[in-house]
There are 2 protein chains.
Amino acid sequence: MTNLITVEQKILRKNADIAAENRRELDWHGVLGVALLSAPGSGKTSLLERTLGALASGARAGVIEGDVQTDRDARRIEALAVPVVQIVTNGTCHLEARMVQEALAQIPLSQLDILFIENVGNLVCPAAYELGEHVRVVVMSTTEGEDKPLKYPAVFRNADALVINKTDLLPYLPYDLAQAIGFARRVNPGLAIFETSCTTGAGISEWVDWLVKRAAATQADLK
Amino acid sequence: MTNLITVEQKILRKNADIAAENRRELDWHGVLGVALLSAPGSGKTSLLERTLGALASGARAGVIEGDVQTDRDARRIEALAVPVVQIVTNGTCHLEARMVQEALAQIPLSQLDILFIENVGNLVCPAAYELGEHVRVVVMSTTEGEDKPLKYPAVFRNADALVINKTDLLPYLPYDLAQAIGFARRVNPGLAIFETSCTTGAGISEWVDWLVKRAAATQADLK
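To keep things clear, this report deals only with the structure shown in the data block. Fair warning: this is a prediction, and the values are worked out from it, not measured in the lab. (Residues numbered from 1 in each chain as written. Chains lettered and ligands numbered in written order. Predicted model: local features only at pLDDT ≥ 70, side-chain atom pairs only at ≥ 80, totals over all residues. Heavy atoms only, no water.)

1. Observations concerning empty space enclosed by the protein
Spelled out, the test is: A pocket here means an open set of points on a 1 Å grid, computed over the protein atoms alone, that has protein on both sides within 12 Å along at least five of seven lines. A cavity is instead a set of points where a 1.4 Å probe fits but cannot get out; residues with an atom within 4 Å of a point line either one. Grid points are joined across faces, edges and corners, and a volume is the space filled by probe spheres set on the points. Each residue gets one of three labels, nonpolar for Ala, Val, Leu, Ile, Met, Phe, Trp, Tyr, Cys and Pro, charged for Asp, Glu, Lys and Arg, and polar for the others, Gly among them.
Using the criterion set out here, one finds one cavity of 30 Å³ or more in the structure. Each pocket or cavity is described by its volume, and for the largest cavity that value is around 30 Å³. The wall of the largest cavity is formed by P40(A), G41(A), S42(A), S141(A), T143(A), E144(A), K166(A), P40(B), G41(B), S141(B), T143(B) and E144(B). Considered class by class, the residues forming the lining of the largest cavity number two nonpolar, seven polar and three charged.

2. Details of the sheet that holds strand β7 (residues 192–195) of chain B
All names here are of chain B. What counts here: When DSSP finds two or more bridges between a pair of strands, those strands are recorded as paired. Helix and strand assignments follow DSSP, with helices taken as H or I runs no shorter than four residues and strands as E runs no shorter than two, numbered in order from the N terminus. Fitted lines through C-alpha atoms serve as axes, helices being fitted only where they are in contact, and the angles separating the N-to-C directions of these axes extend from 0 to 180 degrees. In what follows, residue pairs with any heavy atoms lying within 4.5 Å of each other are defined as contacts.
With parallel pairing, the seven strands of this open sheet are ordered in space as β3-β2-β4-β1-β5-β6-β7. Pairing within the sheet leaves two strands with one partner each, and these edge strands are β3 (84–88) and β7. When the angles between neighbouring strand axes are averaged without regard to direction, this sheet yields 20°. Relative to β7, strand β6 (residues 161–165) runs parallel, the two sharing four bridges. Paired with V163 across the bridge in β7 is F194. Packed onto the sheet, helix α4 (residues 97–104) meets β2 (61–67), β3 and β4 (114–118) and runs at close to 145° relative to β3. Sheet strands touched by helix α7 (residues 177–187): β5 (135–141), β6 and β7. Its angle to β7, the strand with the most contacts, is close to 155°.

3. As for the pattern of salt bridges
Spelled out, the test is: In what follows, salt bridge is the name for a side-chain nitrogen of Lys or Arg lying within 4 Å of a carboxyl oxygen of Asp or Glu. Remark: exposure states derive from per-residue accessible area (1.4 Å probe, protein chains only) relative to the maximum for the residue type, with buried under 20%, exposed over 50%, and partly exposed in between.
Enumeration over the complete set of coordinates arrives at 20 salt bridges over all chains. Here D71(A) ties to R75(A) by a salt bridge, and the two come within 3.0 Å at their closest N and O atoms. Looking at D71(A), the relative accessible area reads 35%, which means it is partly exposed. For the salt bridge of R136(A) with E133(A), the shortest nitrogen-to-oxygen distance reads 3.0 Å. We note that R136(A), like E133(A), is buried. Through salt bridges that share partners, D67(A), D73(A) and K151(B) make up one connected network.

4. Describing the side chain of E96(B)
Residue and element names in this part refer to chain B. Following the sequence through the fold, E96 ends up in the loop between β3 and α4. What makes E96 buried here is its relative accessible area of 13%. The residues contacting E96, other than those within four sequence positions of it, are N15, Y129 and L131.

5. A closer look at the relation of the copies chain A and chain B
To be explicit about the condition: Superposing copies: least-squares fit, C-alpha atoms only, residues required to have pLDDT of at least 70 in both.
Overlaying chain A on chain B yields an RMSD of 0.0 Å, the required transformation being a rotation through 180° with an accompanying axial translation of 0.0 Å. Both chain copies can therefore be described as sitting about a two-fold axis. The share of interface residues of chain A whose copies in chain B are also at the interface is 100%, consistent with both copies meeting through the same surface.

6. Some words on the environment of Y129(B)
All names here are of chain B. In this structure, Y129 sits in the loop between β4 and β5. Taking the relative accessible area as the measure of exposure, Y129 reaches 11% and is therefore buried. Sequence separation of Y129 and G41 is 88 residues, and the distance between their C-alpha atoms is 21 Å. Setting aside residues up to four positions removed in sequence, Y129 forms contacts with I11, L12, N15, H94, L95, E96 and R136.

7. With respect to the nonpolar core
Applied cut-off: Definition of nonpolar core: a set of buried residues of the types Ala, Val, Leu, Ile, Met, Phe, Trp, Tyr and Cys, connected through side-chain atoms within 4.5 Å.
V155(A), L162(A), I164(A), L162(B) and I164(B) are the most contacted members of the largest nonpolar core, which has 60 residues in total. Every residue in contact with I164(B), bar those within four places of it in the chain, is listed here: M140(B), T142(B), Y175(B), L177(B), I181(B), I193(B), F194(B), E195(B) and T196(B). Within the second largest apolar cluster, 30 residues are counted, among which are L47(B), V82(B), V84(B) and V135(B).

8. Observations regarding helix α2 (residues 44–55) of chain A
Residue and element names in this part refer to chain A. What counts, and what does not: Working rule for helices: expected span equals 1.5 Å times residues minus one. By definition, the arc is the one covered by directions from the helix axis to the C-beta atoms.
Relative to the 16 Å expected for twelve residues at 1.5 Å per residue, α2 spans 16 Å between its end C-alpha atoms, a close match to the ideal helical length. For α2, the set of buried residues is K44, T45, L47, L48, T51, L52 and L55. End-on, the buried residues of α2 take up no more than an arc of 150°, which puts them together on one face.

9. So, the packing of α2(A) against helix α8 (residues 204–221) of chain A
All names here are of chain A. Defined as follows: Roughly parallel covers angles under 35 degrees, roughly antiparallel covers those over 145, roughly perpendicular covers 65 to 115, and oblique covers all other angles. By convention the crossing between two helices is left-handed if the near helix lies anticlockwise of the far one by an angle smaller than a right angle, and right-handed if it lies clockwise.
It is at 10 Å that the axes of α2 and α8 come closest, and there the two elements cross at 70°. Compared by their axis directions, α2 and α8 come out roughly perpendicular. Of the two elements, α2 crosses α8, and the hand of that crossing is right-handed. Here L47, R50, T51, A54 and L55 of α2 come into contact with α8, specifically with I204, W207, V208, L211 and V212. A breakdown of the residues in the contact of α2 with α8 according to their chemical character gives eight nonpolar, one polar and one charged.

Any functional reading would require information that these geometric values do not contain.
Structure below.
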């Protein structure tokens, strides 16, 4: 097992080096990098669709889509006339910084304020891999139950914000929102928390305001 | 990369050897091994609770619970007075056959007809690791969208059955059940498909009948 741990440590160290290069590239162009992580089907792509719509008149955004297979998500984003690059991992369970580095070369960064990076749907493996993002956001849906922060703590511990999505389904679920928030804060007291429905649009403006402020702060820092 | 692939192949080969030992152990006791895989929050544990309740007067069942952290799921199963062993993987994104082998030593197999093995919530990594099960079941919930079989094909390709859970939420979702089933059959035409709600109990009896028949067939084969 010692050999394996060493291999993994080497991979993570190399990944962190490339992630730092990616971050410098984003900084150079004054672009806020926002990574989105969640379980499969929590609504990352739907949240992106809503967010891009709400941003349209404000910050200029681009998207890197990560999936194990298919370009379905990239095609959904393309329909919004936003620059998008699809990464198909072909079985790999998470994005790595080198994949994002290749995708960055295909994105017109000089025309953007925010770049979203949607990871593979997976609450475990992506947690260990920095991609070069400035902000890491976990999306959790109300239909998944309250206890995901306790059962998958690493991804919540390393996040800046939590979006609790599908709030429109709350009337039909035995879901205790206060308990879910309590569990998330127990793992990470500093989380910014947003409650959204991509079906009704509820809560989207608060989340987008926060993003726009973070993008403005990043650009101010770089001046 | 060559080195890494070799390491992974060695790990998978060693895992398959131990899985075969686990299967022989289950065969020896005439126990049907049923692996449950899904995304986080699809309802594997809720399905188990319903299934164990429906089996109570029929087949005798035990459970191995796999989680990245916490023994919350094992405590839910214990409440039903069923033998249960919790495996906490401490960060590992999937169960491995050696973990299940250790757990088997703590389960009274001679008193069982069916052993459920609930994997970590993850639609990617568990697909590659046999555990010694006879039957592999994927659970997918209606709230996750229709396209998961296309986006995470490996786990659906290697499954015997698909349980589409949370059908009680269909009236509130833009979910096309026929399309979801079509996508699943495109990846794996041989899937047995069940539609369940663990909230209302709908569809549980069909699923349990199928399990009981599989358990009886396994026991008949071994005689």
